[in-house]
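Close look at the chain arrangement
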Amino acid sequence: YWLVTSNGGVFTFGDAQFYGSMGGAKLNSQIVGMAVTPDGGGYWLVTSNGGVFTFGDAQFYGSTGAIKLNKAIVGIAVDPSTGGYWLVASDGGIFAFDAPFLGSMGGSRLNKPIVGMAVDPVTDGYWLVASDGGIFSFEAPFLGSTGNIVLNKPIVGMEAAPSGIGYRLVASDGGIFDFGSSYFYGSAV
């Protein structure tokens, strides 16, 4: 796997390959997300203003770097069908680049900001997650949320379950919330 820092440094673990980074480069805004190409031969980094940087076999399809955004970009996800990508903003706005636009929460009143997104490998739809664990499904099945639970710490991200069924949410204290997957391995709390 890969880890990316807010200044663009990329770290590899296991058999993940290093294709480059933005570490040491002057950035207009911080890196907020990373997505790996479907074949694992490259990756994209995205900044909070929507600037997109490509490495390895990742292709550049566009960015919001030159657009005045209502809210900052908080994540990126890859469309497995086209190899394109979506950017998601904290207000739930979705920006599709060589990927189908399936809907967004942009312009809707949210209880808490969006903090991440994940792609459903079965439907190629996507989920958005808010910091309270509220889930918004777009052509992907809704399997539950923590939107009505008092959390110890906010949700900071999500991933599609490795089984291909369901999703997991992670809180800033290491708490894991599993929906639809039968592969829960525990959490840090």
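What you see is a predicted model, and the numbers here were worked out from it, not measured in a lab.

**Digging into the pattern of salt bridges**
Opposite charge on two side chains permits pairing when their charged atoms draw close. In the structure shown here, the tally under the stated rule is two salt bridges. In this structure, the salt-bridge partner of Glu 159 is Arg 168, at a minimum N-O distance of 3.3 Å. Three or more residues are tied together by salt bridges with common partners; here these are Glu 159, Arg 168 and Asp 178.

**Comments concerning the nonpolar core**
By size, the foremost hydrophobic cluster in this structure holds 15 residues, and its most contacted members are Trp 86, Ile 94, Met 117, Tyr 126 and Leu 128. Secondary structure elements with two or more residues in this core: strand E7 (85-89), strand E9 (114-119) and strand E10 (126-130). Ignoring sequence-local partners within four residues, the contact set of Leu 128 consists of Val 88, Gly 92, Ile 94, Met 105, Ile 114, Gly 116, Met 117, Gly 134, Ile 135, Phe 136, Phe 138 and Met 158.

**Some thoughts on unusual backbone geometry**
Positive phi outside glycine occurs at Asp 98, with the angle close to 55 degrees. For Asp 98, the position within the fold is in the loop between strand E8 (94-97) and E9. With a relative accessible area of 43%, Asp 98 lands in the partly exposed category. Even without a glycine there, the phi angle at Glu 139 is positive, about 55 degrees. Among the secondary structure elements, Glu 139 is positioned in the loop between strand E11 (135-138) and strand E12 (155-160).

**Some thoughts on the pairing of E9**
With respect to burial, E9 is a largely interior element, five of its six residues being buried. By the bridge criterion, five bridges tie E9 to E10 in an arrangement that is antiparallel. Note that in E10 the partner of Met 117 across the bridge is Leu 128. Connecting the antiparallel pair E9 and E10 is a turn made up of six residues, with Asp 124 showing a positive phi of about 65 degrees.

What counts as what
Residues numbered from 1 in each chain as written. Predicted model: local features only at pLDDT ≥ 70, side-chain atom pairs only at ≥ 80, totals over all residues. Heavy atoms only, no water. Salt bridge = Lys/Arg side-chain N within 4 Å of Asp/Glu carboxyl O. Core = buried A, V, L, I, M, F, W, Y, C linked by side-chain atoms within 4.5 Å. Buried < 20%, exposed > 50% of the residue type's maximum accessible area, 1.4 Å probe, protein only. Helix = DSSP H or I, 4+ residues; strand = E, 2+ residues; numbered from the N terminus. Contact = heavy atoms within 4.5 Å. Pairing = 2+ DSSP bridges.

Just geometry here; none of it tells us what the structure is for.
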